Structure formats: structure tokens, C-alpha cells
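If you want the building blocks of each chain, they are given just below.
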Amino acid sequence: MYAIVEMAGQQFKVAKDQKVYVHRLQTEEGKKVTFDKVLLLDDNGNVTVGAPVIEGAAVEAKVVKHLKGDKVIVFKKKRRKGYRKKNGHRQSLTEIVVESIVAKGAKKAAPAKAKAEKPVAKKEAAAPAPKKEAPKAKATEDLSSKTVAELKELAKAAGITGISSMKKAELIEALSK
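Residues numbered from 1 in each chain as written. Predicted model: local features only at pLDDT ≥ 70, side-chain atom pairs only at ≥ 80, totals over all residues. Heavy atoms only, no water.

**Examining the pattern of salt bridges**
The full count for this structure, using the stated rule, is 3 salt bridges. One salt bridge in this structure joins lysine 32 and glutamate 99, with 3.5 Å as the shortest N-O distance. Taken together, the positions of lysine 32 in strand S4 (residues 32-35) and glutamate 99 in strand S8 (residues 83-102) put the pair 67 residues apart, joining distant regions of the chain. Using a relative accessible area of 64% as the deciding quantity, one classes lysine 32 as exposed. (Salt bridge = Lys/Arg side-chain N within 4 Å of Asp/Glu carboxyl O. Helix = DSSP H or I, 4+ residues; strand = E, 2+ residues; numbered from the N terminus. Buried < 20%, exposed > 50% of the residue type's maximum accessible area, 1.4 Å probe, protein only.)

Right under this line is the structure:
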């Protein structure tokens, strides 16, 4: 059984107990990592292709160690110009060992976190709305001390349309109504 998985921005063909070197992952050594972007699964000739990924499939791996790859020499030269630049680079890598390939029933951790954050953001967005309405009731003198950008934000909060073409005086007049 093998799978084609996207790990750290690259696609790899992996099998159980295979050692793979990927771009540096933020996971600590010895911890387990789950990759849920499985693009293709082959189970003894039974091939499943995702569109773009296979739902419920995942590859579980263990981080063995973090290391640096071999040195790559970058040498630039322009002949007859005296221009030569030599540079070196060592890519940061993570060595992982594939522990299992799950075809069905894998849980996605990322969407659960996103759902938990969205309600909090809605509560925070609801709280500042009354603060934006308070400056509208102030006199036109207070509005004249604000910048055009601040006035456009106030107009947008008030639901005034066509503010992109308005000048400062027009924005103050529209907000004072």
C-alpha cells in the first residue's frame, strides 16, 4: 500500500515504515504528525484518486530528527567582466518515518480550530460596532479634525454608499445628516 501525499509544500510517494526527508516542520522531535492532504491511494491495485484530495484519508508519521541537507554551491560568473559570486546553501530538513496510512475515518484537526476561532471573532466584531456609531452624533467640528481615511471608515460603518469618490467636505456633510 502506498500513497501520494503533500507534505510541507511538496508531494511524496510514501509507504509504511519509509523514511522521508521533508522541508523543516515546526513539530518537535519524537512527536507524531498527521498529513491529511492525500492525493492518491493504492491498496494492492485498488487505486483511489482524490479531487483534489481524498476525504477521510491520512498519513501518520513520526518526526525522527531535524537536520541540514548537503551543501549546494551557487556560483555565478560573467566572462570577461571580472564578475564572480560564490554562495553556499544548506536546506533545513526534517527526517520523518511513515507509521501508517489510513484510508478512511481520519479526523481533520485544522477545521475544528478554525470553527472554534470564528465565533470568537464574531463576538469581537459585534462589540466595536457601537463605538463606531458614537462619533456620528458629535458635532461637525470633531469630524473636521479627522483624516479622510477615518471619515471613510465612519461612512462605511454608517452604510453610506459612494464614499470612494467623496472629498472630505462631502464626507463630513454625509456623516452629519
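**Some remarks on the pairing of strand S1 (residues 2-7)**
On a regular strand, one side chain projects to one face of the sheet and the next to the other, so that they alternate. Burial of S1 is one-sided: the residues Ala3, Val5 and Met7 facing one way are buried, the residues Tyr2, Ile4 and Glu6 facing the other way are not. The pairing of S1 with strand S2 (residues 10-15) spans 6 bridges and is classified as antiparallel. When the bridges of S2 are listed, isoleucine 4 appears paired with lysine 13. The antiparallel pairing of S1 with S2 creates a hairpin that spans 2 residues between the two strands, and alanine 8 there sits at a positive phi of about 50°. When S1 meets strand S5 (residues 38-43), the two strands line up antiparallel, connected through 4 bridges. Looking at S5, one finds that tyrosine 2 is bridged to aspartate 42. (Pairing = 2+ DSSP bridges.)

**What to know about the sheet that holds S1**
An order of S2-S1-S5-S6 is seen for the 4 strands of this open sheet, with the pairing classed as antiparallel. Whereas interior strands pair on both sides, the edge strands pair on one side only; in this sheet they are S2 and strand S6 (46-49). Recorded for the sheet is a direction-independent mean angle of 20° between the axes of neighbouring strands. Pairing of S5 with S6, which is carried by 4 bridges, proceeds in the antiparallel orientation. In the strand pairing of S6, leucine 40 is matched with valine 49. (Axes fitted to C-alpha atoms, helices over the stretch in contact; angles between N-to-C directions.)

**Description of the sheet that holds S8**
Strands sit in the order S3-S8-S7-S4 across an open sheet of 4 strands; the sheet is antiparallel. Two strands lie at the open edges of the sheet, namely strand S3 (19-23) and S4, each paired on one side alone. Sheet twist, expressed as the mean angle between neighbouring strand axes with direction ignored, is 50°. Here strand S7 (residues 58-78) pairs with S8 via 18 bridges, running antiparallel. Residue pairing across strands places alanine 61 opposite valine 98, the latter belonging to S8.

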